[in-house]
2 protein chains.
Amino acid sequence: MKVRRQSIIVETIQRQRVRSQEQLRRLLRAAGFDVTQATLSRDIRELGLVKGGADRAYQPPAPTAANGNAAALLNRAVAEYLTRVARVQQFVILRTGPGQAPLLGVALDGARLPELVGTIAGDDTILAVAPDVRRARALVKRLERLSRP
Amino acid sequence: MKVRRQSIIVETIQRQRVRSQEQLRRLLRAAGFDVTQATLSRDIRELGLVKGGADRAYQPPAPTAANGNAAALLNRAVAEYLTRVARVQQFVILRTGPGQAPLLGVALDGARLPELVGTIAGDDTILAVAPDVRRARALVKRLERLSRP
DNA sequence: ACAGGCCATGTATAAATATTCTCTTTTCGG
DNA sequence: CCGAAAAGAGAATATTTATACATGGCCTGT
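As the structure is a computational prediction, the values presented were derived from the model and not from experiment.

(A) View of the protein's contact with DNA strand D. Taken together, 19 residues sit near DNA strand D, with Gln-21 and Lys-51 of chain A together with Arg-5, Thr-39 and Arg-42 of chain B positioned nearest. Each atom of DNA strand D within 4 Å of the protein belongs either to a base or to sugar and phosphate, the latter forming 67%. Within the side chain of Lys-51 of chain A, a nitrogen or oxygen atom sits 2.5 Å from a phosphate oxygen of DNA strand D. Here a phosphate oxygen of DNA strand D sits 3.5 Å away from a polar atom, N or O, in the main chain of Asp-34 of chain B. Among the elements that take part in the surface near DNA strand D, helix H3 (residues 37-47) of chain A stands out by supplying five residues, more than any other.

As structure tokens, then:
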């Protein structure tokens, strides 16, 4: 599955310096994903990864980069990954498929929602923190609207 | 002359989408700097510019790492990584650039602050737990002082 | 069951980027 | 002021990345 592979890609580049798509390809092969460089080029674009900096390695997207279309990104991420939502006080728990939480988390953070203070993403669960109960409720509503348009 | 050219490069990529070094070369030539692609490749590395994201254009740098001892380390970690702080009851949410949260988290833990019970660091977010609201407020104040000396 | 669309991906190749090697210029320690 | 060493940059080339095109697998509506 593409999504699964992409989430491994994100983890991989955070764990070590990856300086070329060939290198990434070898790492993924070791993890059981055998794809070509062309596919990785596409994955990297879809993930919004960025390459450069002092060590010319791949990095997660810069926080400022995606702001224009951040809303659209969130929209797609929610539609694609979100499976369940629950609220506990001013916290909102979001569930996704395995390995998808970081992707949704990035999209949530990028959108800079006023009812969202921050998120912590595990493998398939995200803890989202709202400023207060009222805005936590608002966040749940927004997510539900996004996931069933 | 290199310095001047590099500062023009930064301005240029902030003003418009630049998707290749050749394109950048033409833009610089129009501004009176005639250099080869090889030179731009070096400039881009020295500036720490990054290429990618949805539009595969060049972008300004993402910050990097440092080290030292406990309090000084926290000081520098906060100055370098912390981008936003918010308090919710006795919790404090700290935001950093992507992948930087663990670094700041380690620095926070190492500093053994009296107003800090513990932290959980995700990718770019830290949940810091204070003993009570009063000390959470104090923690926010301390962080704000550290980040803007 | 079948035709028509999508996707996801591979293959081959074009385009972009990094690097090696070389030369020139600048800087610095006597 | 001299010579060595470092810095800056171009030309050629190696490496890396993006893309045009092709294929096969699924859906969906008929």
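(B) Seen up close, empty space enclosed by the protein. According to the stated counting rule, one finds two cavities of 30 Å³ or more in the structure shown. As a volume, the second largest cavity reaches approximately 30 Å³. What lines the second largest cavity is simply Gly-118, Thr-119, Ile-120, Leu-127 and Val-129 of chain A together with Ile-93, Thr-125 and Leu-127 of chain B. Broken down by secondary-structure element, the contributors of at least two residues to the lining of the second largest cavity are strand E5 (118-121) and strand E6 (125-129) of chain A together with strand E6 (125-129) of chain B. With three residues, the top contributor of residues to the lining of the second largest cavity is E5 of chain A. Grouping the amino acids of the lining of the second largest cavity by side-chain chemistry returns five nonpolar, three polar and no charged.

(C) Structural context of the nonpolar core. Ranked by internal contacts, the top residues of the largest apolar core, which has 36 residues, are Val-92, Leu-94, Leu-104, Leu-108 and Leu-143 of chain A. Domain assignment of the residues forming this core places at least three in each of domain 1 (2-59) and domain 2 (70-147) of chain A. With 18 residues, the next largest nonpolar core counts Val-92, Ala-107, Ala-130 and Val-140 of chain B among its residues.

(D) Focus on the pairing of E6 of chain B. All names here are of chain B. With respect to burial, E6 is a largely interior element, four of its five residues being buried. Pairing of strand E4 (residues 91-96) with E6 involves five bridges; the strand directions are antiparallel. Paired with Arg-95 across the strands is Thr-125, a residue of E6.

(E) Layout of the interface of chain B and chain A. Residue-level contacts link 26 residues of chain B with 31 residues of chain A. Both sides together, the interface formed by chain B and chain A hides about 2200 Å², and carbon and sulfur atoms give 52% of it. Counting the contacts that link chain B with chain A gives zero salt bridges. Inspection of the region where chain B meets chain A yields three residue pairs in polar contact (both at pLDDT 80 or more). Broken down by secondary-structure element, the contributors of at least two residues to the side of chain B that touches chain A are helix H3 (37-47), strand E1 (50-52), strand E3 (82-88), E4 and E6 of chain B.

Quick notes on the rules
- Residues numbered from 1 in each chain as written.
- Chains lettered and ligands numbered in written order.
- Predicted model: local features only at pLDDT ≥ 70, side-chain atom pairs only at ≥ 80, totals over all residues.
- Heavy atoms only, no water.
- Near = heavy atom within 4 Å.
- Polar contact = N/O pair within 3.5 Å; in protein donor to acceptor, adjacent residues only side chain to side chain.
- Helix = DSSP H or I, 4+ residues; strand = E, 2+ residues; numbered from the N terminus.
- 1 Å grid on protein atoms, 1.4 Å probe; cavity = no way out; pocket = protein on both sides within 12 Å on 5 of 7 lines; lining within 4 Å.
- Points joined across faces, edges and corners; volume = space filled by probe spheres on them.
- Nonpolar A, V, L, I, M, F, W, Y, C, P; charged D, E, K, R; others polar.
- Core = buried A, V, L, I, M, F, W, Y, C linked by side-chain atoms within 4.5 Å.
- Buried < 20%, exposed > 50% of the residue type's maximum accessible area, 1.4 Å probe, protein only.
- Domains from an automatic or database assignment.
- Pairing = 2+ DSSP bridges.
- Contact = heavy atoms within 4.5 Å.
- Buried area = accessible area lost by both parts, 1.4 Å probe.
- Salt bridge = Lys/Arg side-chain N within 4 Å of Asp/Glu carboxyl O.

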